[in-house]
Each structure stands twice: as structure tokens, then as C-alpha cells.
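Here are the chains, one letter per residue:
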Protein chains: 2
Amino acid sequence: MSAPLNVGIVGTGIFARNKHLPTFQQHSDKFKPVACFNRTKSKADAFAVTAGIEESKVYADLDHLLQDDSVDVVDVMVPVQFNYETAKKSVEAGKPVILEKPIEANLEQAKKLVQLAESTELPVAIAENWLHLECVPIMKEKLAKIGPIAAFTYNSTGPFYPSSEYLATSWRKHPEHIGGFLSDGGVHQLALLTTLLGDIGSIAAFSNQLRKESGTNDIVFSSVKLRDSDVIGTFTYGSAFGATEKSVFLKVYGLNGSVTMNINARTCTTIKTMIGSTGEVEAEEETVEVKEQPFFGVEAEFENFYEAVSKKDKSIVKGSPRVAFHHLAIVAAFLESAAKEGTAIVVQQP
Amino acid sequence: MSAPLNVGIVGTGIFARNKHLPTFQQHSDKFKPVACFNRTKSKADAFAVTAGIEESKVYADLDHLLQDDSVDVVDVMVPVQFNYETAKKSVEAGKPVILEKPIEANLEQAKKLVQLAESTELPVAIAENWLHLECVPIMKEKLAKIGPIAAFTYNSTGPFYPSSEYLATSWRKHPEHIGGFLSDGGVHQLALLTTLLGDIGSIAAFSNQLRKESGTNDIVFSSVKLRDSDVIGTFTYGSAFGATEKSVFLKVYGLNGSVTMNINARTCTTIKTMIGSTGEVEAEEETVEVKEQPFFGVEAEFENFYEAVSKKDKSIVKGSPRVAFHHLAIVAAFLESAAKEGTAIVVQQP
């Protein structure tokens, strides 16, 4: 067995502490946190203690972390408007890099990140954990049975949580990235939807802000047409409502059946398949429960990154900047459409 | 108790035989079929036998039926492109009239019907039975508890039924009315949605034809903004898919809770209410089952018409042409938007 990758962690906030660090500890054969940097140094110090990082490797700036030869790969969890710059420096330092989603603060910056990734042989990954959910391959297998696919309804809604620790993050309260919470949570939904059904070609959306704490619009209701097929559908996202069940629901309609997916409390996914050409034949029905990983795909996301780095093959990366660009481009199209009274907008390509 | 209204039936097709006639028989204190007319006279003859209508009152044309002084009101179930002309003649003959939905074949004709209805004191009603569902008042009561309402998802989908007797109707196979099955079934959905939440101001829609038997587009996926509020949502309708559960589903999100409605196999409606301002307070939950009438509102629709006629008060009519115009105008907006690649369309007013 080869040695684990030594990870330099840039940005030691909530997600680093609660999700990435436990993932590294769980996969200690593959990852070892060896260095870190945070704008507020005291937070980095505290993180280093928890992570078992030597005091001397808590760096005062990014450049010094990147100059550390013991750092093999860089794990970046900074406000997304710093993603491109951080990735660029990492690549210049010859280090593969994984960056938290959304890809960047806006499409212009995101485009530069796509170009950067496509101009190097080093793996550059966007940490979009929903691409790595256990339900994805199972859904694909079921969807293949109901084709041709005609339409879908995607609905991810939930109540507002005023005490959410994410809500208190200053870069989320005063977002420099487009879409605010709509892109923060929305790109996850769009990653799942588009990895299952294909890229979105155009969308028409209405959007509103329900809670002042959201900083900007926090609900979107849209109609959608895919890019490379005649598939149409609706996409709904919002977690700013009064009491309602937290629900992630996808129903896909084919000419030979339908597949319904419910993600229940992020622990497992229920997939119900009905196969049959019309309502007049007896449908073949099947329901399966798919257990999701405790960190909801973060584990598989890092295994994927590990494989790409250790095999020196960037094509292995599922969450490439080009893929993640699409998710943010859809959010940008939502915002543009909503600003234009719901008229359909063609989703930008990088 | 006053005598029942004597009904002249114009158009003795499937719906007359299976729904209206049994409704009259069930409410024999209020309605008595006394005359009928059908383009194919043999069908009218057969209907008359079942309905107990005298042979001499099976008329060879509409004018003779309308000249019959024993006919108090006219019940019209003809291809909708004849609705305006039939209503006009009925009003000229001094007879209140109820006409099957959709209101007319297109908005121009529908507008004339609205004007006709608003230029007479006689009740002119569109038989939109979904306005009269038992769930409507209960839903309104629940919705009042979760306000202000922010958004909704309406999804009415089902499998294709190639042997449907309605599919075989020649005026449906070669529709002269806009929207084909989208308006035929869609106006029901839109009647329910808008009577609960208010009129729709603008929509953006994608639409396709999945089955050649449909004659025209048979599925629509749209995003919607209400006219007199900030409420946004999605509206989905289609009954042309492969195997899938027949489902009519409405979820309404408010700032103080949510209401979910499921119409199950058209026999009863399940309404689940959650009240609470955020996900952090314990929600007050309640689920009620509302039993629908056997003919799904047709009974109440005729009671409503009876009341308007017997009290000589047209304002009692729930399904006024102005109300029904809105439902068809939304379908027209769907078609226009879909033809323009999802451009948002303002819904026409009469």
C-alpha cells in the first residue's frame, strides 16, 4: 500500500472541522492532514490541534503552505470568491487541488477556473459531494429501463432554520457570490439532477426572497429544457419556508415507465420504479432503499480525488470545473430569468 | 318545495349519459330531463329512452328545442367550438344555460361568451366541476393558517390510456379547440389551483407531444407567477406517460407552514397541514381526509346552477364565463410560451 497523500488545508471553517477532517481520519490510508492556513490564525491553530497538525505547519499565508514540499495536495474551503486565485497558486506550485463548491463567485471567474484546469495535467476538482451519492448509479440503472425519458419534476424544499451555523458565516450573510443560498445549496441539487438526466439547455424561473437573513433571493421555481434532448421539467429549490417537511424529491417520466426518488433525511434514498408502456398494462413495480454515506458523498468524493491524484489521471475527477461550471451557470440563468420576469434564458457554457 | 327545473339537453355524448343524467336522476327534486338534441339523432333517441324523455321531445335541431316552452334551462355538452353559438341562442330564447368546459375553442370566442354572460341577467355557467370539489373549502380554511403564502408546486400527472373512450371522440382526435388534451384536462387543474390561490399573472412553459393519438401537445411543465400577489410556483400537467401513479398533488408553502393536498383516485382528498414559522419550532400537524362526491363535483356544480336559476341571481354561479375564461387563457399562454421557447407570457384577461 502506498503512503497517504499529505493534505494542506486552506480554510479551516465549519465544513473542514465537521466533514473533511473526519473523512481524512476515516481514510487515514489515503489522506493525512499535514498543514493548514486560515485567515483568522487562531482558528487554524485550534483546527491543527484537533487534526494533529504540527504547530510549525500552521501557516500565516497561503504561499508558505504551498512552498511546503511535504504538502502533496491542497484542500480548499474558502469563501468561493477566492477559489480561482487559490487554485491558480496551487497549480503553479505543482499541487493537485480540490475546492469547495460552488465553483466560484460568478461565471467569469468560474470560466477562468475551467481554463486553468484544462491547461494543466494536475487534477483540479470541485468538491461537489452530491455527484458521489450512492443513489446516483442506482438511479441511472433504473432510468435506463423507462426510456426514452420525457420529463421530470425536481423539488427540494425545506423550512427555514434561523439558527443554522452556516447562516451566521459572514461571507454567506454578505454574499459576494451570485445567488447566495440559491447557489450555495442549489448547486448540490443541480449536480444531482444533471448527472442523472443531462445538461440543462434553457430555463425560465421565478424567484423571491422570503427571509431577510438570506441576504438575497432564497427560493426559485423554474421550468427547464435539457440541452441535448427533448426532456422538459420543473426545478424547485428553497429552504426558507415555514414548517414543512425537508424533502428532496425527483420524479422522472419516461414513455415506458417512471422513477421516483426521495432522499429521506439524508440517510437513505428511496427509489421506486414502475415499468410499463401505458396505464392499461400491469406495471412492473420495484422499490429499493439505498443507504447514503454518513457525510453524504464527501467520503466518495475524496476517494475519487485520491484515485485521480494517485493515478495521475485528471479525467477520473467527477467534479471537474467544467462539470461544476454548469451548476453555477444554471443558477446564473435563474437569476437572469427572474430579473427578466421569468423569460427563458439559455444556460451559458464555459 | 318548488317544481324541478325542466332541462333541455344539447349533446347526448359520453358525459351526458355517464355523469349529467345520473346527477339529474339523483337530484330529481331539482332537475328533470324533458328534451334533447344531438347531431346524430340515433344517439339522442337512445339517450331519450334512458332518460325518460318523450319521443316527441327528441328534437332535430337546437332551435326547436329552444322554442319548447316546457324547457326551463339548457344543459350543453357539445364540442366546445359550438359553446358560444349555443349559449347565445339559449340566452336569446330566454333560457339559463350551463355549458361543458373548456369555455370555448379559443380566447376570441371565449371573450364573446364572457360578454354574452355579462350582458344578460340569465345565469350562464361553465360546468367546471373541479370548482365544486369538497376539498376546496377545506383547503381554503387550511391555507388561511399558513399565510402569507409564498409558493406552490402543482403536479397532476398520469399514464397514457390508449383505450380511453374520450380519446376516441372525433372532436378530441381532431381538435378545433386550442390545447387539445392540455386544455381538456388542464382547465380542471387550473380551476382548482386558481380557485385556491388566485389568478395567474404570467407563465413560462415547455410543452411536448408524447403520443400521436393526442393530436397535439400533451404534456406541459411550467413556472408561474400569480397576478395579485408575489406567489410563485410550478404547474405540471400530463397524462401521456408510461406507467406511473395517477396523481394530483398540490403543495403550498407559506411563511407560517405548508399544506399538502393529494387527490387519491378521485374518491377522496388527503390534506396535510403543518403550522409553524421555521424548522426550529415544533410544527402543529394535522391530516384530514375529505371524501369527494361520486361524480367529483358535478353534483355540487348542478346544485349551484339550480340555486342561481331558482333565485334568479347569476352572481351565485361559481363557474362564470369570466372565471372559466381565465383557465383557458392560461392554456393559451402555455402554448404561446412553449412555441416561443419558454418566453414568459402574460395571461390574457377577457
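Each value, and the rule that gives it
Residues numbered from 1 in each chain as written. Chains lettered and ligands numbered in written order. Predicted model: local features only at pLDDT ≥ 70, side-chain atom pairs only at ≥ 80, totals over all residues. Heavy atoms only, no water. Domains from an automatic or database assignment. Contact = heavy atoms within 4.5 Å. Buried area = accessible area lost by both parts, 1.4 Å probe. Salt bridge = Lys/Arg side-chain N within 4 Å of Asp/Glu carboxyl O. Polar contact = N/O pair within 3.5 Å; in protein donor to acceptor, adjacent residues only side chain to side chain. Helix = DSSP H or I, 4+ residues; strand = E, 2+ residues; numbered from the N terminus.

Looking at the domain arrangement of chain A
Residue and element names in this part refer to chain A.
- In terms of domain boundaries, chain A breaks down into domain 1 (5-129 + 297-319) and domain 2 (131-294 + 328-346).
- For domain 1 versus domain 2, the separation of C-alpha centres amounts to 27 Å.
- Taken residue by residue, the interface counts 25 residues in domain 1 and 20 residues in domain 2.
- A buried area of about 2000 Å², summed over both sides, lies between domain 1 and domain 2, and 61% of it is on carbon and sulfur atoms.
- The three residues of domain 1 that bury the most area against domain 2 are I14, L107 and E128, which together make up 26% of that side's buried surface.
- The interface formed by domain 1 and domain 2 contains one salt bridge.
- Between K101 and D184 there is a salt bridge, and its shortest N-O distance comes to 3.2 Å.
- At the junction of domain 1 with domain 2, the criterion picks out eight residue pairs in polar contact (both at pLDDT 80 or more).
- For the side of domain 1 that touches domain 2, the secondary structure elements donating two or more residues are α1 (14-26), α5 (107-118) and α9 (298-310).
- Of all the elements, α9 adds the most residues to the side of domain 1 that touches domain 2, at five residues.

Some thoughts on unusual backbone geometry
- The omega angle of the peptide bond from K101 of chain A to P102 of chain A is -15 degrees, so this bond is cis rather than trans.
- Here P102 of chain A lies in the loop between β5 (97-100) and α5.
- One non-glycine residue, F296 of chain B, adopts positive backbone phi at about 55 degrees.
- Take F296 of chain B: it is sitting in the loop between β14 (284-291) and α9 (298-310).
- Of note in the backbone geometry, E341 of chain B takes a positive phi value of approximately 60 degrees without being a glycine.
- Position of E341 of chain B among the secondary structure elements: in the loop between α10 (321-339) and β15 (345-346).

Description of the interface of chain B and chain A
- Between chain B and chain A, the residue contacts involve 58 residues of the former and 58 residues of the latter.
- The contact between chain B and chain A buries some 4100 Å² in all, and 60% of this surface belongs to carbon and sulfur atoms.
- Inspection of the region where chain B meets chain A yields two salt bridges.
- K272 of chain B is the partner of E245 of chain A in a salt bridge, and the nearest nitrogen-oxygen pair spans 2.4 Å.
- Across the contact surface, chain B and chain A share 29 residue pairs in polar contact (both at pLDDT 80 or more).
- Secondary structure elements with two or more residues in the side of chain B that touches chain A: β7 (149-159), β8 (200-208), β9 (219-226), β10 (232-241), β11 (247-254), β12 (257-264) and β13 (268-275) of chain B.

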